[in-house]
Amino acid sequence: MIEGWWIFPLLGVAAGVLAGLLGIGGGLVLIGALVWLLPAYGVPQDAAMHAALASSLASIVLTAASSARSHHRRGGVLWPTVAWMVPGLLLGGWLGSLVAVALDGDVLRWCVALYCFLVAAQMAFGGPRGDAARPGIVPTGWPMSLAGGGIGAVSAVVGIGGGSMTVPLLVWRGVVPVRAVGTSSACGIFIAIASAAGYAVHAPAGALPAHAVGYVYLPAAIGIALASVLAAPLGTRLAHAISGTALRRVFAGFMVLVGISMLL
């Protein structure tokens, strides 16, 4: 077993910067690392995938909150849109975690790998629809609630804060990309709360040996969360200051590597 939990705050820095910069809480990056690391900390191999997903989601609560706070200060969060999406996000996240707990770890591994490849393709080739953006647009209504349900469910199964789905949805609806990122960060808070709670409550008794609540491995979740809170404002400043096209493609390449690592 590895002694010391110093590696988890380092992962949190990466998660925080990505949360502020791309509206993605670093969940996919965290999962790829945690699946490899957690068995060295005493987590059973057959529970490592579930624990990685649950711990990633638990850490995203604070990561997303820090990112959303930074974007809110710059007027980058569409709170009416968030309010309409919240019921769906909470319900979807809770139900998605229930499904994920019932799935075999290898099935979850394939789900996450496939999602990594889809995110990579969207990041590399999709691009923001800047020509459709309208500064005053604020999407609301029941379609946003339904979309929130789907985003919450998928996010719970693959262990993310939903930014890779929420941001493209909002940009497609005409939201300026940087405000889509800020709004996505706020939505990620509710996805993470519902999903992490589901992984904690739905896990079988004694799923992890120590330092855990259900499938949430507390040293990883806390260490990542605390560091990510400090790093998220840096990502937010970068998001408001630079063009993200090149960075999106670099991140897409990294997502391909994460997906391959999951399959291996």
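Everything below is about the structure printed above this text.
**Q** Any chance you could break down the pattern of salt bridges for me, citing the residues and the numbers?
**A** The final tally for this structure, using the stated rule, is one salt bridge. A salt bridge links Asp106 to Arg109; the nearest nitrogen and oxygen atoms lie 3.9 Å apart. With Asp106 and Arg109 both in helix H5 (residues 105–126), this residue pair falls three residues apart, about one helical turn. The class for Asp106 is partly exposed, based on a relative accessible area of 48%. Using a relative accessible area of 18% as the deciding quantity, one classes Arg109 as buried.

**Q** Which residues make up unusual backbone geometry, and what values go with them?
**A** The backbone phi angle of His211 is positive, close to 55°, even though this residue is not glycine. Position of His211 among the secondary structure elements: in the loop between helix H8 (177–202) and strand S1 (212–213). Taking the relative accessible area as the measure of exposure, His211 reaches 44% and is therefore partly exposed.

**Q** Can you break down a nonpolar patch on the surface residue by residue, with the values?
**A** Taken together, the side chains of Trp36, Val256, Leu257, Ile260 and Leu264 define a hydrophobic patch exposed on the protein surface, amounting to about 550 Å² of accessible area. Tallying contributions element by element places helix H10 (residues 245–263) first for the nonpolar patch, with three residues. Of note, Leu257 is situated in helix H10. Leu257 gets classed as exposed once you look at its relative accessible area, which sits at 54%.

**Q** Run through the packing of helix H6 (residues 142–158) against helix H7 (residues 163–172), naming residues and quoting values.
**A** One way to put it is that H6 packs onto H7 with a least axis distance of 9 Å and a crossing angle of 155°. Between H6 and H7, the angle is such that the two are roughly antiparallel. For the pair H6 and H7, the crossing hand works out as right-handed. Two secondary-structure elements touch here, H6 through Met144, Ala147, Ile151, Val154 and Ser155 and H7 through Met165, Thr166, Leu169 and Leu170.

**Q** So what about helix H2 (residues 27–37)? Which residues, and what values?
**A** Within H2, ten of the eleven residues are buried, which leaves it mostly tucked inside the rest of the structure. Among the residues of H2, Gly27, Leu28, Val29, Leu30, Ile31, Gly32, Ala33, Leu34, Val35 and Leu37 are the ones counted as buried.

**Q** Break down the nonpolar core for me, citing the residues and quoting the values.
**A** Within the largest apolar cluster, 76 residues are counted, with the highest numbers of intra-cluster contacts made by Phe8, Leu34, Leu38, Val112 and Tyr215. Discounting chain neighbours no more than four positions away, the residues touching Tyr215 are Ala47, His50, Ala51, Ala54, Ser55, Val101, Tyr199, Ala200, Ala203, Pro204, Ala207 and Leu208.

**Q** How would you sum up the environment of Leu108? Please name residues and give values.
**A** Of note, Leu108 is situated in helix H5. For Leu108 and Leu53, which are 55 residues apart along the polypeptide, the C-alpha to C-alpha distance reads 9.2 Å. Excluding residues within four positions of it along the chain, Leu108 makes contact with Met49, His50, Leu53, Ala100, Leu103 and Val157.

**Q** Requested: an account of the packing of H6 against H8, with residues and values cited.
**A** The description of two helices packed together rests on the angle between their axes and the distance between the axes. The N-to-C vectors of H6 and H8 enclose an angle of 50°; their axes lie 10 Å apart at closest approach. With respect to each other, H6 and H8 are oriented oblique. The handedness of the crossing between H6 and H8 is right-handed. In this structure, H6 contributes Ile151, Gly152, Ser155, Ala156 and Val157 to the contact, and H8 contributes Ile191, Ser195 and Tyr199.

**Q** Any details on the packing of aromatic side chains? Residues and values, ideally.
**A** The way to describe two aromatic rings as a pair is by their centre distance and the angle between their planes. For the coordinates displayed, the defined rule picks out two aromatic pairs. Both rings, one in Phe8 and one in Tyr41, keep their centres 5.0 Å apart while their planes meet at 45°; by these two values the pair is tilted. With Phe8 in helix H1 (residues 7–22) and Tyr41 in the loop between H2 and helix H3 (48–73), the pair connects residues that are 33 residues apart, well separated along the chain. The same class applies to Phe8 and to Tyr41, which are both buried. With a centroid separation of 6.4 Å and 70° between ring planes, the pair formed by Phe8 and Tyr217 is classed as edge-to-face.

**Q** How would you summarise the environment of Cys187 if you had to cite specific residues and measurements?
**A** Checked against the element boundaries, Cys187 lands in helix H8. Expressed as a C-alpha distance, the spacing of Cys187 and Leu90, which sit 97 residues apart in the sequence, is 9.7 Å. With residues up to four places along the chain from it excluded, the contact list for Cys187 reads Val82, Met85, Leu89 and Thr166.

Reading the values: the criteria
Residues numbered from 1 in each chain as written. Predicted model: local features only at pLDDT ≥ 70, side-chain atom pairs only at ≥ 80, totals over all residues. Heavy atoms only, no water. Salt bridge = Lys/Arg side-chain N within 4 Å of Asp/Glu carboxyl O. Helix = DSSP H or I, 4+ residues; strand = E, 2+ residues; numbered from the N terminus. Buried < 20%, exposed > 50% of the residue type's maximum accessible area, 1.4 Å probe, protein only. Patch = residues over 30% accessible without salt bridge, like charges linked within 9 Å, V, L, I, M, F, W, Y side chains within 5 Å. Areas by Shrake-Rupley, 256 points an atom, 1.4 Å probe, with all protein chains shown as cover. Axes fitted to C-alpha atoms, helices over the stretch in contact; angles between N-to-C directions. Parallel < 35°, antiparallel > 145°, perpendicular 65-115°, else oblique. Left-handed = near helix turned anticlockwise from the far one by under 90°. Contact = heavy atoms within 4.5 Å. Core = buried A, V, L, I, M, F, W, Y, C linked by side-chain atoms within 4.5 Å. Phe/Tyr/Trp six-rings, centres within 6.5 Å; stacked < 30°, edge-to-face > 60°.

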